[in-house]
Structure formats: structure tokens, C-alpha cells
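So you can see what is in the structure, the chains are spelled out below.
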Amino acid sequence: MSLSRCSTRIFQNRNTLLKLPRRHGYIVLVPEIGEDSSEKNPLIQKDGLPEFNNITIENCMAAIGKQTLEFESDIKKIEIEVSSLENPDSFKNVIDPIEKLGSPLDMTWGLSKTLYLGNSTLMPTKSYLAIHERARRARAVKFNSPIIYNVILKELESRKDLNDEQTRVAKKFALEERSKFKIKNETATRKFTHKINDPQVVSGLPNDLLKSITSNSNHLQTGPWTVSLQPHVCIPFMEYCPDREIRWNIWQAMVSRGSGYGEKELETGSNIEEIRFLRRDQAKILGYKTFADISMETKMAGSVENVMDMLETLRTYAKPAQDAELESIYAFALESGFEGARMELWDVPYWRRKQRIAAFDFNEKSFQEYFPLPTVLNGLFELCERLFDITIKQRTGVSAWHKDVRFYDIFESHSSAPVAGFYLDPYARTEDKIQTANNGWMVGIQNHSRIADTRPLAALIFNFEPPTAEAPTLLRFRDVSLLFHKFGHALQHLLSRTDYSEVSGLSNIEWDAVEVCGHVLAHWLQNESTYKLISSHYKSEDRLPTRMFEALMNVHRHTAGLELSKELYLSALDMELHTTKTFWLDIVKKLWPTYRSFPLSKIDSHPCSFTQIFTEEWAAAYYSHIWSRVIAADIYSAFHEVRDNEEQILEVAKRFRHTFLALGGGCHPSEVFRQFRGRDPSPKALLSSLGLRKKVNVT
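Note that the structure is predicted; figures quoted are calculated from it, not measured.

S.K.: Could you give me a rundown of the environment of Lys-264, with the residues and numbers involved?
M.R.: Along the chain, Lys-264 falls in the loop between α10 (244-255) and α11 (269-285). Residue classification places Lys-264 among the exposed positions, given a relative accessible area of 62%. Sequence separation of Lys-264 and Glu-339 is 75 residues, and the distance between their C-alpha atoms is 35 Å.

Pasting the structure below:
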């Protein structure tokens, strides 16, 4: 048979192999391996689960040191073996053996990351970064081997018997100035602080935010308080700060990072142009028109044209909605004592929150009382068990990195043994947990692999407030949404049924489709029946009333045009920066009025701190955040269309289970979507869920 239409990727990462000058002498720094034998190594117990009680930095370092050296050595052996064969089999002689060799290394790497996120006292940042870098370099060896590359490329061109998953695995093996920008941005972020001495300014701030801006937890109400530009601090602070001058100061510090208006040595505009030049040069060498065209090789969207068409379609709905929303917020603010001539960017977060409270009677604390964590968890598990024909059971006596961590097995009806398992670490621990803006992680510790005979293992780590003597942990609605999203993410990892770990779960999935399953499960929070499972007032045990559910839906749609317009602008900016040679500031001036309804301030140099596209992995890919939401909303609409028929709901869930949750990165997501929906995706469902139904031709 010919290669399937699902086939894309794995051999596309390496179009050229660099020729390095020959060296005749080396100094080799060998990591300390330690004396742990495979039998005595405390990382793994006999039941296959980690022995967290006995895991130390030394254990992890020793295991990584041993496993990386063994892995690199065994890759060399594979190279020697296939070089001696006249017609080596790419799977029998290369990919299958590597699959088995990589399993222990991936497991240790995943455990180290779990410890780092769950208890940074046991795994400090410096130690984790050393482990991460060593594991990353070792794992890259299999993709950087010319011998392995040539064997697999030859078979890809000649073999016609590979299935979709095998083709994707093989192609993955065939694929393959930012630091200055990052350092400058981090320095500028770290240097700015705003000190507050007036208790009136912070009187309305929630406790978790007060804790973030107070150095002494005993002085939450007396201060002083220091506001930084860290996202988990400045974003919520802008929503609660009543002082317009302070809000402006925080905003101007955020958008002027790297601008050159302050310290010249922290200017990043020149770095932007250098990064863009190098990326254009890279595209030219590899035979692509632009860097964005390179990016599209590993995206569901497939082409720059498809991305821009999607952005423009959404813009025709979002921009007029944004204009109307700003008029509404401004009118509300004037009635509430606002004296500004217009609504500015630093005003919107504060007045939007105030309007939300007034318009929808949205008191976050009142809603929290209906979402005790145990009830939400039980309801979430019950929903997933019903939809996907699984059973989730807690297992006690499992070694973990903290006493609060629980472990759960996942069973299927056809097996008495668990098919997957996950740890849940729900509570904030300020002394040893990483604090970020989202405060939730899903870590894949071990992938599913039929070849290596490994079952999926994951960790879900959150920073929810721990229970007290008076009340259980009460979740804000944003916490409930985060929990659903991360668990949907985890299900794709845990319910994957691929033969190879390289395409299992979230591995090898196009970046604009990685978040899809998380968004799909979160969409169930738009279904009132879900609240019968996850809500129960912690005192009265009453379910969430219908009027409060309707308020939640109104809050979900509130200023949807404003938020979508912002994301559309950043996505278009990213694509324009990576498809043209136009100076970055001229691009901003061109795009800003097309997407935003605010005047562009002369000090607003936001691209100079756009780290996602210049120092992270989102170059020509920022649109992925919106794309995944479009796909997820369309998927969920299949459930919504049959919402009154339980039998059909379960049929749709079965189809979702056997496509998006099972296939992992073994099939291109466009084909997976067609298998599930029977057509190509449409943005209509997302627009409907956001309440953006009025299209206006805007220029």
C-alpha cells in the first residue's frame, strides 16, 4: 500500500547535516554515576511505580548519569550494527530497540520534573535544570545520527507496508540571538517593583494576591506591599487595584520592557531584527519562502494562508464586539465615578471586573462555596467514567513526594489490571512549589508503548488553597476550569493506545492541536447537567442554582470580543514578523488599528517583551492558542448537538475516545478530526460559545 494520508512529520527535521571540523583530542567530563545498581535504584519499585519516599537529588542525578551514558552508548551500538547489515530494517533494527532503550531515561526525566514542580525543596531549580539539560542532550542523540537518519529515510522512500503510526514515528526521526533577548527581558522584569504603603490601595485584594506581594505573611494587612511584573502578580493586581496612577505605572513598565526608553543595555529591538534575520536565513537554506512556512510543516493548520483566513474570519466578529464592549464598560465606569476621557488599556481589567460583579451578581466567594474540591473531583471522575467507559480508583500506600499527594489507577472494562495511573498533588505549598500565572501542570512521567511494554503514568500538580479546620478546599470557577482542562490534557496521555512512545499521548502532536483535549473537557462546564455532578454547597449541600449557572455563562461571554481581539492581534503580529522583512514597529503600526480599539501609545513596545515567539517555541505558532480553541469547540458541538439523547452522547464519546484520546501523535490531527467529525473544522462553534454571532465587515 502507499503511505497513508495520515502520514506527515517525523523525518522532516533534518534536511541538512552539518559537517564539523575533525578533532584529534577530547576532554570528557563524566557525570558521577554512583553505586546504585538497577536492582537497588530506589526510583522504581517492583510494581512499576516510583519510590518517591526514597528519591533524592543524588538518586536522580545518579540515575540520569547512568541512563544517559548507557543510552548514548547503546545508540552507538545500533549504528555499528545497522552499518554492518546490507538491508537493515528501520523498525526491527533501529526504532524498536530505541523504543525500549529510551523508556528508563524518559521515566527518570519525568520523575525529576514532577518533583521539581511538586516539591522544589527536594528538587531545586538548579538541580532540575542540570538533569533536564543532560537528558535532553542524550535524547537528541537518536535524532542527530546520520546513520540512523539514512536508514530510516531510505525505508520511508521504499517501504509501502507501514501503517499510519509507523510512518509518523519514522518521519519524526527524519526531522529536525534568542538567549540575549531572554536575558534582557528577564532582567527588565526583575528590576521593576512598585512599593505600596497605603492600606486603602490593597484593601480589596484577595488573600492569595496579598501573600504574593507581602514579604512577611504576618503583615498581610499592614504591609508594605511590593508589586512586581511577574504574571501571577501583575495580572490579578491590575484587576483589583483602584488607583489609576498605580495601574498606569504597572502597565507602562510591562509594555516598555526592552524598548530602550529606560536602560539602553536592556533594549531588545535590535535583537528582534537579528532573530528575524537569522530565521529568514534558516528558511532560505532549507528551501522555504519564510520561517512561517517552516513552522507550518509541523502544524495542523498546514499553511500560512489557512492561519490568516481563520484570523480574518474571527476578526469580523470579534472587532465590532470589542467596540461595543468598550463602550459598555466606559458607560458603566462613568456611572461609578470614573473621570477619564476614555477607557485605556490600564483601566480595562479593573472596570471589567467591577462591571462583571454588578451586571451578573458575580461574587466569586459565593460561587466558591459550591465547589469543594472533593465534590468537584468526584464529579469530574464520574463524568469521565461515564463518557469514556473507564473506572478511576484511588490507591493508598503509594510512595509520593508529599503526604498530600494521592495516586489513582485507571481501569478499563476488559481488564482487571490498571491500564494507566496518575498522581494528584492539589494544594499550594509556598515553601516548595513553583508559583506561576496558571498554577497547574500535567506532567507525562511515562508514555504508553506496546513495544517497550510500558503503561502511561502522569502527575497533575496544582496550587489550590489547602483545607482548613472550618472548610474544605473551595475552588474558584477559574480553578474548576483549570482542573477540567488539565485533566483533559492528562486523559490524552493516559488513554493513548499507540505502539510507540514517540507518538504516544501528547508526543508528536502538532503544536496547534496539543491543547485540544483539555479545551474539550473544559467545554463540559458549559453544560448545566455537569454541575449536578461537581457542585454541592459545603454547608447546605445544595447544588448550584440555575440562576448562578446562567451567571457563570454570562461571565464566560463577558468581553469575549475584547479578549479574542487581543489574541488575534498577537497571532497576526507573530505571523507578519515571520513572513515579511518590514521593521517590527511598522508592522505594529499597521496591525494595531485593524485589531485593537485603543490608541497606540508611543511608549508601548510590547513586541520587545514578546518572549513566547522570540525565546520560547511559539515563533510563527502563537495562533495555536486560538486554533486549538476553534477545534475543541467544534468537537464539543458534536456532544451538544445530541445533548438530549444519552445513547448518542455516549456514541460521540466513544468516537472521541477512539480518535483524539487514543491515537496520540500517530495520525495527523486534521485526519483525526475528519475521522471524528466527518468534515473539516469550522469556527462557528467557538463564536457561538462566546456569544459572538453578529458579523460586521470591518477594515
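S.K.: Talk me through the nonpolar core; I want residue IDs and the actual numbers.
M.R.: Ranked by size, the top nonpolar core spans 137 residues in total, and within it Phe-371, Phe-422, Phe-484, Phe-487, Tyr-531 and Phe-656 carry the most contacts. It is helix α13 (residues 304-335) that contributes the most residues to this core, 12 residues altogether. Those residues in contact with Phe-487 that sit more than four places away from it in its chain are Leu-380, Phe-381, Cys-384, Ile-392, Phe-422, Leu-460 and Leu-521. Val-82, Val-94, Leu-111 and Leu-156 belong to the second-largest nonpolar core, a separate cluster that totals 47 residues.

S.K.: Talk me through the sheet that holds strand β3 (residues 390-395); I want residue IDs and the actual numbers.
M.R.: Taking strand neighbours across the sheet as the criterion, the 5 strands line up as β3-β4-β5-β7-β6 in an open arrangement whose pairing is mixed. With one partner strand each, in any of the chains shown, β3 and β6 (440-446) form the two edges of the open sheet. Averaged over all neighbouring strand pairs, the angle between strand axes comes to 25°, with direction disregarded. Where β3 lies against strand β4 (residues 406-412), 6 bridges are found, and the strand directions are antiparallel. Pairing of Lys-393 across the sheet is with Asp-409, part of β4. Seen against the sheet, helix α16 (residues 373-388) touches β3, β4, β5 (420-427) and β7 (457-464) and runs at an angle of roughly 145° to β3.

S.K.: Go over the pattern of salt bridges, please, and point to the residues and values.
M.R.: A complete count under the given rule lists 31 salt bridges for this structure. Note that Glu-563 and Arg-352 form a salt bridge whose closest N and O atoms lie 2.7 Å from each other. Of this pair, Glu-563 sits in helix α21 (residues 560-577) while Arg-352 sits in helix α14 (residues 348-360), placing them 211 residues apart in sequence. You can call Glu-563 partly exposed: its relative accessible area is 36%. For Glu-412, the salt bridge identified is with Arg-497, shortest N-O distance 3.4 Å. With Glu-412 in strand β4 and Arg-497 in the loop between α17 (477-494) and α18 (516-523), the pair connects residues that are 85 residues apart, well separated along the chain. Glu-412 gets classed as buried once you look at its relative accessible area, which sits at 10%. What makes Arg-497 partly exposed here is its relative accessible area of 28%. Within the structure, one salt-bridge network assembled from shared partners comprises Asp-634, Glu-641, Arg-677 and Arg-679.

Rules used throughout
- Residues numbered from 1 in each chain as written.
- Predicted model: local features only at pLDDT ≥ 70, side-chain atom pairs only at ≥ 80, totals over all residues.
- Heavy atoms only, no water.
- Helix = DSSP H or I, 4+ residues; strand = E, 2+ residues; numbered from the N terminus.
- Buried < 20%, exposed > 50% of the residue type's maximum accessible area, 1.4 Å probe, protein only.
- Core = buried A, V, L, I, M, F, W, Y, C linked by side-chain atoms within 4.5 Å.
- Contact = heavy atoms within 4.5 Å.
- Pairing = 2+ DSSP bridges.
- Axes fitted to C-alpha atoms, helices over the stretch in contact; angles between N-to-C directions.
- Salt bridge = Lys/Arg side-chain N within 4 Å of Asp/Glu carboxyl O.

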